Amino acid sequence: MKLPLYVALLFLVFSSGCRCTKLPPPQPVGPFRVDGWKETRDSGVTFVAVLLLRKGESSENGKVGVRVTEIHEANPCCGDPSPLCDRRTRIQFYRPADGRALCELEPSDRGNNVISCGEELGVSVIGIRAINTAEGWVLFDLRR
């Protein structure tokens, strides 16, 4: 008698109400200031570039190459706030002279990340400013 009741209870738990109905966060909208490959300083920080790239696009300045290879939507049902639950992008850094990939990062839309191959490229930090998954673009800056 207890086994059928237990099975029925498990069936109810797994077939009802366990789906998340939360929506992803709103998409960021422009206009944004996009300087391209222009070195600027602000509050003691040296920016090498401010770029807006779509999935599959790349940009380079002769010394540094950067490519957006993936864009992922946030998971609003993930639980506690975490970079693994946020919108993310996969960014590849490469050497423009030969196109050789040097490193890849998968930063979220929550701030700054150290670039592991940055010493070779002359940049050390990528700052993700916005990720729009609906339109498929990433706004970010590169810093010394």
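None of the values given here were measured: they were computed from a predicted structure.

Student: I'm lost on the environment of Arg67 in this one. Help?
Tutor: Counting through the fold element by element, Arg67 comes out in strand E4 (residues 65–72). Under the relative-accessibility criterion, Arg67 is labelled partly exposed at 25%. Measuring from C-alpha to C-alpha, the distance between Arg67 and Arg54 comes to 8.9 Å, with 13 residues separating the pair along the chain. Beyond its immediate stretch of four places on either side in the chain, Arg67 contacts Glu57, Ser58, Arg90, Ile91, Gln92 and Tyr94.

Student: Before we go on, may I ask you to explain the nonpolar core in this structure?
Tutor: The nonpolar side chains of soluble globular proteins are, as a tendency, buried together. In terms of nonpolar packing, the biggest core is built from 23 residues, with Ile91, Phe93, Ile115, Ile126, Phe140 and Leu142 touching the most fellow members. When residues of this core are traced back to their parent elements, those giving at least two are strand E2 (45–54), E4, strand E5 (88–95), strand E6 (100–105), strand E8 (125–132) and strand E9 (137–143). Broken down by element, this core gets its largest block of residues, four residues, from E2.

Student: I tried to follow the state of the cysteines on my own but got confused; where do I start?
Tutor: Two cysteines form a disulfide when their sulfur atoms are joined by a covalent bond. Applying the stated rule across the entire model yields two disulfides. Covalently, Cys78 is tied to Cys85 through a disulfide, its sulfur atoms 2.1 Å apart. Its torsion about the S-S bond being -60°, the disulfide of Cys78 and Cys85 is classed as left-handed. The side chain of Cys103 participates in a disulfide bridge whose partner is Cys117; the two sulfur atoms lie 2.1 Å from each other. As the torsion about the S-S bond is roughly -50°, the Cys103-Cys117 disulfide counts as left-handed. Of this pair, Cys103 sits in strand E6 while Cys117 sits in the loop between strand E7 (111–114) and helix H2 (118–121), placing them 14 residues apart in sequence. You can call Cys117 buried: its relative accessible area is 10%.

Student: Honestly, the pairing of E9 in this entry has me stumped. Any pointers?
Tutor: Here is the key point about a regular strand: its side chains alternate between the two faces of the sheet. By the criterion of burial, E9 is predominantly enclosed, with seven of the seven residues buried. The side-chain alternation of E9 yields two buried faces, one formed by Trp137, Leu139, Asp141 and Arg143 and the other by Val138, Phe140 and Leu142. Sheet topology note: the E2/E9 ladder contains seven bridges and is antiparallel. Considered in E9, the bridge of Val50 is made with Asp141. Relative to E9, E8 runs antiparallel, the two being bridged by seven bridges. When the bridges of E9 are listed, Ile128 appears paired with Phe140. Once E8 ends, the chain turns through four residues before running back antiparallel as E9, passing Gly136 with a positive phi of about 75°.

Student: Any chance you could explain the packing of aromatic side chains here in plain terms?
Tutor: Scanning all chains against the criterion turns up one aromatic pair. Centroid distance Phe32 to Trp137: 5.5 Å. Interplanar angle 70°. Geometry classified as edge-to-face. Of this pair, Phe32 sits in the loop between helix H1 (2–15) and strand E1 (40–42) while Trp137 sits in strand E9, and the two are 105 residues apart along the sequence. Overall, Phe32 belongs to the partly exposed group, its relative accessible area being 31%. Taking the relative accessible area as the measure of exposure, Trp137 reaches 4% and is therefore buried. Residue placement shows Arg67 over the ring face of Tyr94; its charged tip is 4.5 Å from the ring centre. Sitting over the face of the ring of Phe47, Arg129 holds its NZ or CZ atom 5.6 Å from the ring centroid.

What counts, and where the lines are drawn
Residues numbered from 1 in each chain as written. Predicted model: local features only at pLDDT ≥ 70, side-chain atom pairs only at ≥ 80, totals over all residues. Heavy atoms only, no water. Helix = DSSP H or I, 4+ residues; strand = E, 2+ residues; numbered from the N terminus. Buried < 20%, exposed > 50% of the residue type's maximum accessible area, 1.4 Å probe, protein only. Contact = heavy atoms within 4.5 Å. Core = buried A, V, L, I, M, F, W, Y, C linked by side-chain atoms within 4.5 Å. Disulfide = S-S within 2.5 Å. Pairing = 2+ DSSP bridges. Phe/Tyr/Trp six-rings, centres within 6.5 Å; stacked < 30°, edge-to-face > 60°. Lys NZ or Arg CZ within 6 Å of the ring centre and 35° of its normal.

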